[in-house]
Amino acid sequence: MLVEYGDEIDPVINNKVRSMAMVMEKKPLNGVLETIPTYRSLLIIYDPATTNPTKLEKEILDFEELLSQIEIPPPDTVEIPVCYGGEFGPDIRFVAEHNSITEDDVIRIHSGAEYHIFMIGFTPGFPFLGGLPKALHTPRLETPRSFVSEGSVGIANNQTGIYPLTSPGGWQLIGKTPLKLFAPEHTNPFIYKVGDRIKFNPISAEEYARLVGEVKK
Amino acid sequence: MDLFSVLTPGAYTTVQDNRRYGYQQMGIPLSGALDSFSFNVANMLVENPENCAVLEITIMGCRFEVLNEADVAITGAQIGVTLNKRPAECWSSFRVKSGDILEIKQVKSGCRAYLAVTGGIDVPEVMGSRSTYVGGSIGGYLGRPLKQGDIIKRGKGLLLKQARHLSPSVIPQYSSNTVIHAVLGPQDEFFDEGIKTLFESEFMITAKADRMGYRLQGPEIKHRAEMPKSIISEPSVPGGVQIPADGQPIILLVEQTVGGYTKIATVISTDLCKIAQATPGDTICFEQVTLEKAHALYHDRQNLMKEIEKKHII
């Protein structure tokens, strides 16, 4: 069952989706296997052997009344160190030229903003981040790369994101984080969740190398 | 305990169990056995608990050297099986012993065979499941398909007192022209004529068909002229029939969590088994059903599984 809260990318709508996901986590309904919150809609996966859509719809409408009582916990801000440009961000020059600014401006603006995690998907832990300043908006690559290495930070139109795994990808790459973002052996395999805020901290290549060494330990 | 040494791994053999629920909000797809019917029956035949991990063998078979005694059952695609070069029966359990050579040949009809073993295939649980998700390199045997030289282990379990067989009346037959039931939506309002095209045409399965999705080829399914061709990315479910801008449908399966294309219809969960057994070159037709009918068919399947366990496995 898909519950939709609007038809645009908007933090208010996204918060409603999250509030419902939280209510459903706190008061698990019989027969609900899992929920998936995204930008503006919440997917509820149910087992038809245990519940049915009519019953579920009523239960969810009842929950609507609880939404106003739900206090969304203040988001955690997760700081992600990024080495910008050079081999780490091969498209930084394109992003700068596209927006008629310098590469240093790209770094300053990108690391100066805080981003809201609207949803996670595409590959494990890939955060769709809202709040990219207009001065950095850049279209996707015309031809996607077959391999984007793990940790790469990219831009696609008005979004920015991080590739937690090496995968194909068409975003403009401006930098890379030395952090390992996906640890499948842990119960909580990611360092951030939907609703958190992300802040990028520029680091030098030396700092990047040092952190890579530390992460390995 | 050690079970098999892999002599030939087959084209794409992975460890799968029932699905990895609870992590899709982090972008981790469900994974799991594509054909849940054959998966469940395979475990029943060796008297395993229902969520034991099995091997999912795709199109090309494999060859194993047996390292320890176990009961084995192979279900799903119609496929030749030999134990020490003598034919062994599918949809039945049989005993294997140390030193035996178990060979599973190329499929004759269908696409995926399932091999269950006493105690289940033993690999570490990752996020609550033993299923392999190759795209994320997690679960199963080191997060990848089997390779020559791999040593497969099995869990603890009791050997059967006697072999068990599924009665032939309930063994599925696979056709190269399958009818698939689907409910409309979630984005059916993006289409008008396109809905007619979907339910009145025949579609061929292209070579681009894997656990993530099956790309089909057929008459173009047109979006309504005034509607956009993509939507704000939202969750996807196995069975979603996605229509990209080129109008050629893709049936989404178990290795995708979100998508930004419109979904005209959704294949009902009980028919995903049929898709799992369809191969490139086969044709499928979609038949529209209501949600009520889809639920009724789901309950029928549940009852059939209970009946199989009680009456049809001897």
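Throughout, a residue's number is its position along its own chain's written sequence, starting from 1. The lettering of chains begins at A and the numbering of ligands begins at 1, in the order of writing. The predicted nature of this model means local features are confined to residues of pLDDT at least 70 and side-chain atom pairs, given and counted, to a pLDDT of 80 or more, with totals for whole chains, interfaces and linings taken over all residues.

**Describing the overall build of chain A**
The helix and strand tally for chain A stands at five helices and twelve strands. The dimensions of chain A, computed from C-alpha atoms along their principal axes, are 55 × 40 × 35 Å. Under the scheme used here, helices are H or I runs from DSSP no shorter than 4 residues and strands are E runs no shorter than 2 residues, and both carry numbers assigned from the N terminus.

**Re the overall build of chain B**
Counting secondary structure elements, chain B contains four helices and 17 strands. For the radius of gyration, the atoms used are the C-alpha atoms, and the globule rule reads 2.2 Å times the number of residues raised to 0.38. Over its C-alpha trace chain B gives a radius of gyration of 20 Å, about what one expects of a compact globule, namely 20 Å for 314 residues. Per-residue burial for chain B yields a buried fraction of 50% across its 314 residues. Pairs at least 24 apart in sequence give 77% of the contacts found in chain B among residues at least 6 apart. Put simply, a residue is buried when 20 or more other C-beta atoms lie within 10 Å of its own C-beta and exposed when 12 or fewer do; between those, it is partly exposed, and each C-beta is set from the backbone. Contact criterion: two residues are in contact if their C-beta atoms, reconstructed from the backbone, are within 7 Å.

**Description of the pairing of strand β14 (residues 240-243) of chain B**
Residue and element names in this part refer to chain B. Neither face of β14 is left uncovered, since the one carrying G240 and Q242 and the one carrying V241 and I243 both have all their residues buried. Here, a strand pair is defined by DSSP locating no fewer than two bridges between the strands. Pairing between β14 and strand β16 (residues 258-267): four bridges, direction antiparallel. Across the sheet, residue Q242 finds its bridge partner in β16, namely K263. In textbook terms, the turn of a hairpin is the stretch between consecutive antiparallel strands, and for β14 and strand β15 (residues 250-252) this stretch comprises six residues, one of which, G247, has a positive phi near 80°.

**Describing unusual backbone geometry**
Residue and element names in this part refer to chain B. The omega torsion of the bond from G185 to P186 falls at 10°, within 30 degrees of zero and hence cis. With respect to the helices, strands and loops of the structure, P186 is situated in the loop between β10 (177-184) and α2 (193-200). If you check the backbone angles, R19 has positive phi at about 130° while not being a glycine. Of note, R19 is situated in the loop between β2 (13-16) and α1 (36-45). Owing to 21 C-beta atoms within 10 Å, R19 belongs among the buried residues under this scheme.

**Topic: the interface of chain B and chain A**
Many analyses report the size of an interface as the accessible area lost when the parts associate. Every contact between the two is made by 24 residues of chain B and, on the other side, 29 residues of chain A. Residue assignment for the side of chain B that touches chain A shows that the elements contributing at least two residues are β13 (230-235) and α4 (291-312) of chain B. Each residue is assigned to one of three groups, with Ala, Val, Leu, Ile, Met, Phe, Trp, Tyr, Cys and Pro labelled nonpolar, Asp, Glu, Lys and Arg labelled charged, and all others, Gly among them, labelled polar. When grouped by side-chain class, the residues that make up the side of chain B that touches chain A number 13 nonpolar, ten polar and one charged.

**Looking at the pairing of strand β3 (residues 41-46) of chain A**
All names here are of chain A. The pairing of strand β1 (residues 2-4) with β3 spans three bridges and is classified as antiparallel. Bridge pairing in β3 places L2 opposite L43. Bridge analysis of strand β2 (residues 32-37) against β3 gives five bridges, and the strand direction is antiparallel. Residue I36 lies in a different strand from β3, and its bridge partner there is L43. Here β2 hands over to β3 after three residues, the two strands then running antiparallel side by side.

**Considering the domain arrangement of chain A**
Residues and elements named next belong to chain A. How far each domain reaches was decided by an automatic or database domain assignment. Here the domain parsing of chain A yields domain 1 (2-67) and domain 2 (77-216). Here domain 1 and domain 2 have C-alpha centroids that lie 30 Å from each other. Of all the elements, helix α1 (residues 11-26) adds the most residues to the side of domain 1 that touches domain 2, at three residues. For the side of domain 1 that touches domain 2, the class distribution of residues is four nonpolar, two polar and one charged.

**Brief notes about the nonpolar core**
Residues and elements named next belong to chain B. Counting 78 residues, the largest nonpolar core has V54, L115 and A116 as its most contacted members. Considering each element in turn, this core owes the most residues, nine residues, to strand β8 (residues 101-117). Those residues in contact with L115 that sit more than four places away from it in its chain are A42, V54, L55, I57, V72 and I74. In this usage, the nonpolar core is the set of buried Ala, Val, Leu, Ile, Met, Phe, Trp, Tyr and Cys residues whose C-beta atoms join them within 7 Å.

**Side note on the domain arrangement of chain B**
Residue and element names in this part refer to chain B. According to the domain assignment, chain B consists of domain 1 (2-170) and domain 2 (177-305). In this structure, domain 1 and domain 2 have C-alpha centres spaced 28 Å apart. Each partner contributes to the interface: domain 1 provides 19 residues, whereas domain 2 provides 14 residues. Contributions of two or more residues to the side of domain 1 that touches domain 2 are made by α1, β5 (70-83) and β8. Across the side of domain 1 that touches domain 2, the residue classes break down as eight nonpolar, nine polar and two charged.

**A closer look at the environment of Q173(B)**
Here Q173(B) shows up in the loop between β9 (151-153) and β10. Residue classification places Q173(B) among the exposed residues on the basis of 8 C-beta atoms within 10 Å.

**A word on the environment of I171(B)**
All names here are of chain B. On the secondary structure map, I171 appears in the loop between β9 and β10. Using a count of 14 C-beta atoms within 10 Å as the deciding quantity, one classes I171 as partly exposed. Linking I171 and G10, residues 161 residues apart in sequence, is a C-alpha distance of 24 Å. Contacts of I171, omitting those with residues within four sequence positions, involve W91 and L166.

**Remarks on the packing of α1(A) against helix α2 (residues 53-67) of chain A**
All names here are of chain A. Inter-axis angles, ranging from 0 to 180 degrees, are taken between N-to-C directions of lines fitted to C-alpha atoms, where helices are fitted over the stretch in contact. At their nearest, the axes of α1 and α2 sit 10 Å apart, and the two run at 110° to each other. The angle between α1 and α2 falls in the class roughly perpendicular. The way α1 lies across α2 gives a crossing that is right-handed. Each of K16, S19, M20 and V23 in α1 lies in contact with α2, whose residues at this interface are F63, L66 and L67. Each angle is binned into one of four classes, with values under 35 degrees roughly parallel, values over 145 roughly antiparallel, values of 65 to 115 roughly perpendicular, and all other values oblique. Put simply, a crossing is left-handed when the front helix is turned counterclockwise from the back one by less than a right angle, and right-handed when it is turned clockwise.

**Quick word on the sheet that holds β1(A)**
Residues and elements named next belong to chain A. Spatial ordering of the open sheet is given by β1-β3-β2, a layout of three strands whose pairing is antiparallel. Across the chains shown, the open sheet's two edge strands, defined by having one partner strand only, are β1 and β2. Looking at each pair of strands side by side, their axes are set apart by 20° on average, direction ignored.

**As for α1(B)**
Extensive coverage of α1(B) is indicated by the burial of nine of its ten residues. On its buried face, α1(B) sits against β3 (54-58), β5, β7 (93-96), β8, α3 (272-276) and α4 of chain B.

**Let's talk about the confidence of the model for chain B**
A score between 0 and 100, pLDDT records how confident the predictor is in each residue. Counting all residues, the mean pLDDT for chain B is 95, and 100% of those residues have values of 70 or more. Our summary of model confidence lists the complex with pTM equal to 0.91 and ipTM equal to 0.88.

**Considering α1(A)**
Residue and element names in this part refer to chain A. What a helix should span is 1.5 Å times the count of its residues minus one. Taking 1.5 Å of rise per residue, 16 residues should cover 22 Å, and α1 covers 22 Å from first to last C-alpha, within 8% of that figure. Residues of α1 that are buried include every one of N14, K16, V17, R18, S19, M20, A21, V23 and M24, and no others. The inward-facing, buried residues of α1 contact β1, β2, β3, α2 and β5 (114-120).

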